[in-house]
Amino acid sequence: MSTASLWVVYPSSEVSNSAGFTGSTRGGNQVHDSLRSSGCCKNLMFNGGLTKGPKNRMDSSYRKACSRRSRLTNGSSVCVMSNVVAEPAGEIGLSSEQKVYDVVVKQAALVKRELKSSSDTNMKRGIILPGSVSVLGEAYDRCRQVCEEYAKTFYLGTMLMTPERRRAIWAIYVWCRRTDELVDGPNASHITATALDRWEARLEDIFGGRPFDMLDAALSHTVSMFPVDIQPFRDMIEGMRMDLNKSRYNNFDELYLYCYYVAGSVGLVSVPVMGIAPESKATTESVYAAALALGLANQLTNILRDVGEDARRGRIYLPQDELEQAGISDDEIFSGIVTDKWRNFMKQQIKRARKLFDDAEKGVTELSSASRWPVWASLLLYRQILDEIEANDYNNFTRRAYVNKPKKILALPIAYAKSLVPPISRNSSSLLLSKT
């Protein structure tokens with residue numbers, strides 16, 4: 001049940017280290033082998049959404065319970081809560097939360113100067129090769145078609161953005177969808193670690209200005225125009241690698257890292273495209289932290305919504321230690337019976353997801369005015385899925401929680417009203433992303 005959650009993904013049944021700046025030295029819209037023919041992408045129009053699929057993890061480590069501050073490049077600091085204990089070899093290791101937040105801080109530092117240097121589109125000027133403009137336009141149009149066909153509500157949200165931003169979001173969405181389809185599509189049973197290695201090599205070519213096909217070309221141009229870094233893309237592929245053999249999570253530390261891989265990483269990718277309001281006084285790091293929080297919240301919501309669906313595939317994406325504390329066995333989940341133990345367990349899981357949505361709200365107001373409405377709509381609509389789980393008496397075994405069309409329509413004017421609220425004037429902003 002993986003999901004690549006852009007800042008504007010809506011709930012719908014339709015649906016090495018960082019390489020640094022993707023600067024103009026990259027041939028952003030070059031097309032390897034002349035972009036093939038115009039029919040080269042027929043097999044890339046995938047069915048299904050980004051809200052299904054297995055989940056993953058990285059090896060977990062811990063630290064002592066503490067509060068530390070990560071020193072930022074502008075002299076301010078971001079408060080991060082971590083859990084730390086000794087690892088088996090007696091070494092002290094970072095928790096998944098701290099590992100992920102280190103990525104957040106690095107991504108923010110990489111793009112801060114770029115995002116603050118322009119009050120309009122925050123774009124870099126990519127290289128446009130002679131004769132390639134029409135092909136590039138067709139590449140973006142292919143991405144638009146994929147979004148319109150398979151994520152209708154998401155597509156409508158992108159139409160609220162500026163033309164440059166919406167094209168970039170289409171390109172990112174399509175890449176994330178294709179990546180997700182590797183482990184959750186019709187050919188998922190044939191996907192191997194080697195295939196994912198090849199997909200990552202192809203990603204490197206995209207960032208190197210050597211796209212393999214037309215859809216790759218759109219993303220290659222996007223990353224040449226916006227300060228989008230390659231690391232979160234790599235992280236999503238790493239999540240797909242874990243998908244191949246991971247079906248249980250010992251604790252929330254493992255689950256947290258999984259959620260970052262498949263959803264939070266895309267939140268980080270989308271920030272440079274969405275743009276930060278020029279009048280915002282918030283730190284870039286705090287806006288990135290909010291994007292991460294929204295991705296994590298969306299993914300946890302997907303997990304809670306799809307417990308029964310995942311169980312039928314032999315997968316349980318809930319912290320095993322918390323299930324044990326609640327007195328719930330894997331067999332009880334597979335049986336799909338709602339008990340008081342299950343209701344109490346679900347209440348705590350929903351509380352955790354809502355806390356992350358609260359954290360995400362702190363950064364939405366700081367986005368560019370052209371991006372705030374769709375992001376607010378995404379947040380409000382996805383959050384309502386939690387309400388629907390409660391309305392179903394926590395039966396997420398046989399009943400799928402969803403937001404019906406009237407509720408979606410009612411949420412849009414509320415989101416619009418929230419989008420009109422200007423950024424809060426402050427010298428710095430810190431988000432506390434702690435586990436509950």
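The preceding data block contains the structure.
Residues numbered from 1 in each chain as written. Predicted model: local features only at pLDDT ≥ 70, side-chain atom pairs only at ≥ 80, totals over all residues. Heavy atoms only, no water.

Asks: Account for helix α6 (residues 214-225), with residues named and values stated.
Replies: Taking 1.5 Å as the rise per residue, α6 with 12 residues should run 16 Å; its terminal C-alpha atoms sit 17 Å apart, in good agreement. Most of α6 sits out of view: 12 of its 12 residues are buried. By the burial criterion, the buried members of α6 are M214, L215, D216, A217, A218, L219, S220, H221, T222, V223, S224 and M225. The backbone nitrogen of L215 has a side-chain oxygen 3.2 Å away, supplied by the residue at the start of α6, namely D213. (Helix = DSSP H or I, 4+ residues; strand = E, 2+ residues; numbered from the N terminus. Expected span 1.5 Å × (residues − 1). Buried < 20%, exposed > 50% of the residue type's maximum accessible area, 1.4 Å probe, protein only. Polar contact = N/O pair within 3.5 Å; in protein donor to acceptor, adjacent residues only side chain to side chain.)

Asks: So what's going on with the packing of helix α9 (residues 284-305) against helix α14 (residues 369-391)? Residues and values would help.
Replies: At a minimum axis separation of 10 Å, α9 and α14 run at an interaxial angle of 30 degrees. As far as their axial angle goes, α14 and α9 are roughly parallel. For α9 against α14, the interelement crossing comes out left-handed. Each of L294, N298, T301, N302, L304 and R305 in α9 lies in contact with α14, whose residues at this interface are V375, S378, L379, Y382, I385, L386 and I389. Among the residues forming the contact of α9 with α14, the class breakdown is 8 nonpolar, 4 polar and 1 charged. (Axes fitted to C-alpha atoms, helices over the stretch in contact; angles between N-to-C directions. Parallel < 35°, antiparallel > 145°, perpendicular 65-115°, else oblique. Left-handed = near helix turned anticlockwise from the far one by under 90°. Contact = heavy atoms within 4.5 Å. Nonpolar A, V, L, I, M, F, W, Y, C, P; charged D, E, K, R; others polar.)

Asks: Residues and numbers for helix α5 (residues 193-207), please.
Replies: For α5, with 15 residues, the first-to-last C-alpha span of 21 Å sits near the 21 Å given by 1.5 Å per residue. Of the positions making up α5, those classed as buried are L196, W199, E200, R202, L203, I206 and F207. Angular distribution of buried residues about the axis of α5 spans 155 degrees; they occupy a single face of the element. The elements touched by buried residues of α5 are α4 (163-184), α6 and α7 (231-243). In the stretch just after α5, G209 is the one whose phi turns positive, near 80 degrees. (Arc of directions from axis to C-beta.)

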